[in-house]
Amino acid sequence: MPETTTRATELTSHYVAQVTSDLERNAKEQERITAEIASLQEQLAAVQHDHAVLVNVQQALGITQAPAHSEAEAESATVPSPRQNTGAARGGKTARKSAATPKKAAAKKPVAKPADAAKATQPTLVELIRRHLLELKEPRSAAEISAALGQAHPERQFADKVVRVTLEGLVAKSQAERTKQGRSVFYTAPKSAAVPEAEAQHAETER
C-alpha cells in the first residue's frame, strides 16, 4: 500500500474518532442541560405552589396587606419647610407644588376604599368552611371540602393543604369534629353547633 494512502487512512480514522468523541460529549451536555431545565421547572412549580398556599393562608387568617405605595404617598403629601434666602418666584412654585400634592393623594383614597370594602364583605376561609360543615350530612375529607368550596366560589383559590390546616384549627377550637377511617381523615360540624344553626336559619325563613 502506498505511503500516501496509509497516511490518508490514518487521518480519516483520527477524524472519525474525534467526531465520535465530540458527538458523545455534545449528547452528554444536552442531557445535562435538559436535566437542569427540568429541575428548574420543578423548583418554579414548587415556589408557585407555595405562593398560592401562602396567599390562601393569608386570606384564612384575615391578613390585609397594606399597599406598597402608601408610604411614598405619605412622603409626597408632606409639605416641605421653606428654605431661607429664597426668591419670591421660587417660593411661589414650591407653594403651588406642595398644595397640588395633597390633592393627588386625596384623589387616590376614594379608589382604595371600595376595594377595601369589597375585601371586607368577602367571608373568610374559616367562615366558609364552618358553613360548609354545617351543610354536610356526612363527614368529608379535606380534599372533598376544598373541591366543594372551589365549585361554590370559583373566584377564589382553595388549596387542600390550607383547608386541612384550617380544619385542624377548627377541631382544636371544638368548632369541628374529626373522624379517622383507616388512613383517611374526615371532618364534620360538631353536633352541638347543628341545632343553633338550624334554629337561626328557621328564624330567618320566618322573617
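These notes cover the structure that comes with them. Keep in mind it's a predicted model, so treat the numbers as computed, not measured.

## Re helix 6 (residues 160–172)
- When the terminal C-alpha atoms of helix 6 are compared, their 18 Å separation across 13 residues agrees well with the 18 Å that a helix rising 1.5 Å per residue should span.
- Of the positions making up helix 6, those classed as buried are V162, V163, T166, L167 and L170. End-on view of helix 6: buried residues confined to an arc of 135°, all on one side of the axis. Set apart from the buried face of helix 6 by more than 90 degrees, the exposed residues are K161, V165 and A172.
- A positive backbone phi angle near 60° is found at S174, which sits one or two residues after helix 6.

## What about the pairing of strand 2 (residues 184–188)?
- Bridge count for strand 1 (residues 177–181) against strand 2 is five bridges, and the pairing is antiparallel. Considered in strand 2, the bridge of Q181 is made with S184.

## So, the pattern of salt bridges
- Under the counting rule described, the total for this entry stands at five salt bridges.
- In this structure, the salt-bridge partner of R32 is E29, at a minimum N-O distance of 2.3 Å. Residue R32 and its partner E29 are located together in helix 1 (residues 3–60), separated by three residues, close to a single helical turn.
- Under the relative-accessibility criterion, R32 is labelled partly exposed at 38%.
- Note that R32 is salt-bridged to E36, the shortest N-O span being 2.6 Å. Of this pair, R32 and E36 both sit in helix 1, four residues apart, roughly one helical turn.
- Because the salt bridges share partners, they merge into one network encompassing E29, R32 and E36.

Criteria and cut-off values
- Residues numbered from 1 in each chain as written.
- Predicted model: local features only at pLDDT ≥ 70, side-chain atom pairs only at ≥ 80, totals over all residues.
- Heavy atoms only, no water.
- Helix = DSSP H or I, 4+ residues; strand = E, 2+ residues; numbered from the N terminus.
- Expected span 1.5 Å × (residues − 1).
- Buried < 20%, exposed > 50% of the residue type's maximum accessible area, 1.4 Å probe, protein only.
- Arc of directions from axis to C-beta.
- Pairing = 2+ DSSP bridges.
- Salt bridge = Lys/Arg side-chain N within 4 Å of Asp/Glu carboxyl O.

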